[in-house]
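A structural walkthrough
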Amino acid sequence: MSAFSEKDFDAKGYSKSRPSYPESFYKLIDKYHRGSRFHLVDVGCGPGTATFQLADNLDSFQEIIGTDISATMVERARNRKTEHPGKYANVSFAVSPADDFSFLVGSETAPQHCDMITAVQCAHWLDFPKFQNAVANVLRKDGTLAVWGYADPIFPEYPKLDNLLGEFTYGAKYLGPFWDPGRQVLRNLMRDLHVDTKLFTDVEERCFDSTFIRSKKHNPLLVTKTFTLKHFENYIKSWSSYHSWKKSNRDEKRDITKRFSDRVLQLYPQMTLQSRLQVVWKSFYKLGRRL
Ligand SMILES: C[S@@+](CC[C@H](N)C(=O)[O-])C[C@H]1O[C@@H](n2cnc3c(N)ncnc32)[C@H](O)[C@@H]1O
């Protein structure tokens, strides 16, 4: 996924404007996991969004390694670690493709020694079968694979904005042409890709779409954040499609995010750029236990 790997990608803006994941979800993974807790690898870790949360919320893993193909993201993750001196001594980061675990030093007798592997908000860009095979090679028996992500927020208090954001995200006149193919997989909440039952057992796969969110049923992966409209523009600027739009429209004086805010203000004239909007993302997770 090239946009995040580019040197000028705003990894700091990304970590400031993206949501993190609820404690309830880490409790769910904690309960799911069986056995030892030596090594956890968080692939596609970006600026360490889930990596630090895994360290904070899961019952003590000895070593947590975040990996990402983007050196820009890994640098940001390492900088975030230095913002917490003395904390996260068991967390480190490495530049690595998600399906390469060669940095793990196994032994001939115990090549499969990883206890948990997570792929958060990145699996839609991977060759999922190939990734699962690579995971299966290093995950010990009963080790946990946890994949989760989110897409396309809805605005529970301002339903008219859902269509507007949909058009802005995918419409041909807006950011639609600037996504790469993985986006369709994410947009579909990875429904068509499944944990391989030849490699994993106790598989759990769940999706929380807009109907589910509006039903207000219990959602263990409730990904939510409150933005001002102005800060929501910054969230849009963290999208890979925005980064690609910007590259193709260097001379454009009016930022494309303004076109979104202008339409919001037309639809809801009582709003201002400082108005606060709660957003809830559609989300999904997939869990498996190594056979
Ligand atoms: C949307 S970010 C998610 C970051 C973080 N996991 C989170 O939850 O916010 C996706 C990350 O996946 C990384 N990525 C994409 N393809 C990858 C691959 N084949 N191998 C490793 N990382 C990859 C990108 O560089 C990017 O940092």
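Residues numbered from 1 in each chain as written. Predicted model: local features only at pLDDT ≥ 70, side-chain atom pairs only at ≥ 80, totals over all residues. Heavy atoms only, no water.

For the chain, the helix and strand inventory stands at 12 helices and eight strands. A globule of 291 residues ought to have a C-alpha radius of gyration of about 19 Å, and the chain, at 19 Å, matches this closely. Oriented by its inertia axes, the alpha-carbon framework of the chain measures out at about 65 × 40 × 35 Å. Evaluated residue by residue, the chain yields a buried proportion of 51% over its 291 residues. Of the contacts formed within the chain by residues at least 6 apart in sequence, a portion of 81% connects residues at least 24 apart. Distance from the positive charge centre (42 side chains) to the negative charge centre (34 side chains) of the chain: 5 Å. (Helix = DSSP H or I, 4+ residues; strand = E, 2+ residues; numbered from the N terminus. Rg over C-alpha atoms; globule rule 2.2 N^0.38 Å. Buried < 20%, exposed > 50% of the residue type's maximum accessible area, 1.4 Å probe, protein only. Contact = heavy atoms within 4.5 Å. Lys, Arg positive; Asp, Glu negative; His and termini not counted. Charge placed at Lys NZ, Arg CZ, Asp CG, Glu CD.)

Around the ligand, the surrounding shell holds 20 residues, and the nearest of these are Tyr-21, Gly-44, Asp-68, Ala-98 and Val-120. Interatomic distance of 3.0 Å between a side-chain N/O atom of Tyr-14 and an oxygen atom of the ligand. In the model, a nitrogen atom of the ligand is placed 2.8 Å from a nitrogen or oxygen of the Val-120 main chain. Its residues assigned to classes, the shell around the ligand shows 13 nonpolar, six polar and one charged. (Near = heavy atom within 4 Å. Polar contact = N/O pair within 3.5 Å; in protein donor to acceptor, adjacent residues only side chain to side chain. Nonpolar A, V, L, I, M, F, W, Y, C, P; charged D, E, K, R; others polar.)

What follows covers the environment of His-39. By secondary structure assignment, the location of His-39 is in strand β1 (residues 39–43). C-alpha separation for the pair His-39 and Glu-167, spaced 128 residues apart in sequence, amounts to 42 Å. Not counting residues up to four positions away in its chain, the partners in contact with His-39 are Phe-61, Glu-63, His-113, Cys-114, Asp-115 and Met-116.

Its place among the elements puts Asp-152 in strand β5 (residues 139–154). Among the polar contacts listed, one links the side chain of Asp-152 to the side chain of Arg-183, at a separation of 2.7 Å. In contact with Asp-152, other than residues within four places in its own chain, are Thr-169, Tyr-170, Arg-183, Arg-187, Trp-281 and Lys-282.

Take the nonpolar core next. Formed by 60 residues in total, the largest nonpolar core has its most connected members in Trp-148 and Phe-260. If you look at the next biggest cluster of nonpolar residues, it comprises 28 residues, including Ile-65, Ile-117, Leu-199 and Phe-284. (Core = buried A, V, L, I, M, F, W, Y, C linked by side-chain atoms within 4.5 Å.)

For the rest of this paragraph, the subject is the environment of Ala-98. Position of Ala-98 relative to the elements: it lies in the loop between β3 (91–95) and β4 (114–120). Since its relative accessible area comes to 11%, Ala-98 is described here as buried. Each C-alpha atom, one on Ala-98 and one on Tyr-285, is 18 Å from the other, the two residues being 187 residues apart in sequence.

One pair of aromatic rings is described through two measures. These are the centre distance and the angle between the planes. One pass over the structure, following the stated rule, counts 29 aromatic pairs. On the numbers, 5.6 Å between centres and 35° between planes, the contact of Trp-179 with Trp-239 is tilted. Residue Trp-179 is located in the loop between α7 (160–170) and α8 (182–187), and its partner Trp-239 is located in the loop between α10 (229–237) and α11 (240–248); the two are separated by 60 residues in the primary sequence. Ring centres 5.4 Å apart and planes at 80° place the aromatic pair Tyr-235 and Trp-281 in the edge-to-face group. Linking Tyr-235 in helix α10 with Trp-281 in strand β8 (residues 276–290), this pair joins segments that are 46 residues apart in sequence. Judged by its relative accessible area of 3%, Tyr-235 falls in the buried class. For Trp-281, a relative accessible area of 0% gives the class buried. Its guanidinium or amino end placed over the ring of Tyr-170, Arg-187 lies 3.6 Å from that ring's centre, counting from NZ or CZ. In this structure, Arg-289 packs its charged tip against the face of Tyr-32, placed 4.3 Å from the ring centre. (Phe/Tyr/Trp six-rings, centres within 6.5 Å; stacked < 30°, edge-to-face > 60°. Lys NZ or Arg CZ within 6 Å of the ring centre and 35° of its normal.)

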